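Take a look at the letters that make up each chain.
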Amino acid sequence: MVTLDQVEKFLGQSVRDEYGRNLGKLIAVFADVSGNVEAVEIALNDYELVKVEAGRLMRTPDALVVLPEWKVAAIDVENRLDRVKRRIRSLEELNRKGMIPTHAYEEMRKRLEAEFKKIKEDSSKIREVLKGKISELEDQIIRYERAIANVYVLYMSNEISEQSYKASMDFMRNAKSKCLDEKKDVEKHLDLLSKLEAEPVEPQVKAAPQPQIPAQAQPPIPVVVVEESQH
């Protein structure tokens, strides 16, 4: 939770996202009577504003960082999916050991299964959002690559100055790199959601160790004593 005291010093300053991209300036804060921030207003430019909910804000020692909307939603589903699976496993383990009444087990199992079904639906929706975000970032990366190639051609043909070329290329290469960073982050969360969904719910019962059967004793080898003949 972010408080008003933690945020107010950033008013009028530039706000960046998790990947270091400038989003705009923090111009307003909305807080409840307890001083807990509910949302902030960011000016993207002189006429366009965007409202960001407090759940997307992360405070660092020297900055206020805005988390991507897709990431906040993905982490929420990941946590809920992991938690409901752990509860189901714990419930099944307690039932297997006879540590809870049958009626309590059945009631809790029914409720957890309903929650699990709902979370799986949410996970499926978020995975589609993440796939769409990957596609969007890939398109953006291609646009940067085309622009970089175009500026390079203009520079090589002596149609723009070296100063202009360097300024343009530095910006575009940096922006492309940040798009690649976000794409890797999206792919990581997409993979994690897929693994959490595929992970078995039921507790893994370890098989009892099999008793070691001693090797069958071999019959003794008969020893034949040959007496030496006396001459």
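The structure this text deals with has already been given above.
Conventions adopted
Residues numbered from 1 in each chain as written. Predicted model: local features only at pLDDT ≥ 70, side-chain atom pairs only at ≥ 80, totals over all residues. Heavy atoms only, no water. Helix = DSSP H or I, 4+ residues; strand = E, 2+ residues; numbered from the N terminus. Buried < 20%, exposed > 50% of the residue type's maximum accessible area, 1.4 Å probe, protein only. Contact = heavy atoms within 4.5 Å. Areas by Shrake-Rupley, 256 points an atom, 1.4 Å probe, with all protein chains shown as cover. Expected span 1.5 Å × (residues − 1). Pairing = 2+ DSSP bridges. Axes fitted to C-alpha atoms, helices over the stretch in contact; angles between N-to-C directions. Parallel < 35°, antiparallel > 145°, perpendicular 65-115°, else oblique. Left-handed = near helix turned anticlockwise from the far one by under 90°. Nonpolar A, V, L, I, M, F, W, Y, C, P; charged D, E, K, R; others polar. Salt bridge = Lys/Arg side-chain N within 4 Å of Asp/Glu carboxyl O. 1 Å grid on protein atoms, 1.4 Å probe; cavity = no way out; pocket = protein on both sides within 12 Å on 5 of 7 lines; lining within 4 Å. Points joined across faces, edges and corners; volume = space filled by probe spheres on them.

Some remarks on the overall build of the protein
The helix and strand tally for the protein stands at four helices and six strands. Each helix (α) and strand (β) of the protein, taken in turn from the N terminus, gives the series α-β-β-β-β-β-β-α-α-α. Sorting the 231 residues of the protein into buried and exposed places 29% on the buried side. The contacts in the protein between residues at least 6 apart in sequence include a share of 57% that link residues at least 24 apart. Roughly 16400 Å² of accessible area belongs to the protein as shown, and the carbon and sulfur atoms make up 53% of that amount.

A closer look at helix H2 (residues 69-96)
Here H2 is 28 residues long and its end C-alpha atoms lie 41 Å apart, about the 40 Å a rise of 1.5 Å per residue gives. Buried within H2 we find Trp-70, Lys-71, Ala-74, Val-77, Glu-78, Leu-81, Val-84, Lys-85, Ile-88, Arg-89, Leu-91 and Glu-92. Positive phi shows up at Gly-98, right after H2, with a value of about 70°.

Side note on the sheet that holds strand S5 (residues 57-60)
Sheet architecture is open: six strands sit in the order S4-S3-S2-S1-S6-S5, paired in mixed fashion. Edge positions in the sheet fall to strand S4 (49-53) and S5, since each has one partner strand and no second. Shown here is a sheet whose adjacent strand axes are inclined to one another by a mean of 40°, direction ignored. With six bridges connecting them, strand S2 (residues 22-31) and strand S3 (residues 37-43) associate as antiparallel partners. Across the sheet, residue Ala-31 finds its bridge partner in S3, namely Val-37.

With respect to the side chain of Lys-133
Considering the arrangement of structural elements, one finds Lys-133 in helix H3 (residues 102-156). What makes Lys-133 buried here is its relative accessible area of 18%. Sequence-distant contacts of Lys-133, defined by excluding residues within four places in its chain, comprise Trp-70, Glu-182 and Val-186.

Quick look at the packing of H2 against H3
For the pair H2 and H3, the least separation of the axes is 9 Å and the interaxial angle reads 155°. In terms of orientation, H2 lies roughly antiparallel with respect to H3. Handedness of the H2/H3 crossing: left-handed. Considering only residue class, the contact of H2 with H3 consists of 16 nonpolar, two polar and nine charged.

What to know about the pattern of salt bridges
Scanning the entire structure with this criterion turns up 22 salt bridges. In this structure, Arg-21 and Asp-17 form a salt bridge, with 2.8 Å as the shortest nitrogen-oxygen distance. Arg-21 gets classed as partly exposed once you look at its relative accessible area, which sits at 22%. A residue is classified by how much of its surface remains accessible, and Asp-17, at 9% relative accessible area, is buried.

Quick word on the pairing of S2
In the sheet, strand S1 (residues 14-17) pairs with S2 via three bridges, with the strands oriented antiparallel. Bridge pairing in S2 places Val-15 opposite Gly-24. If you look at the hairpin formed by S2 and S3, you'll find five residues sitting between the two strands, and Gly-35 has a positive phi there, around 90°.

Re the layout of surface pockets
Empty pockets left among the atoms are what a rolling probe the size of a water molecule brings to light. Its boundaries defined by the atoms lining it, the largest pocket holds a volume of some 560 Å³. Of all the secondary structure elements, the ones that give two or more residues to the lining of the largest pocket are S2, S4, H3 and helix H4 (162-198). Ranked by residues supplied to the lining of the largest pocket, first place goes to H4 with six residues. Its residues assigned to classes, the lining of the largest pocket shows 15 nonpolar, three polar and seven charged.

Any functional reading would require information that these geometric values do not contain.
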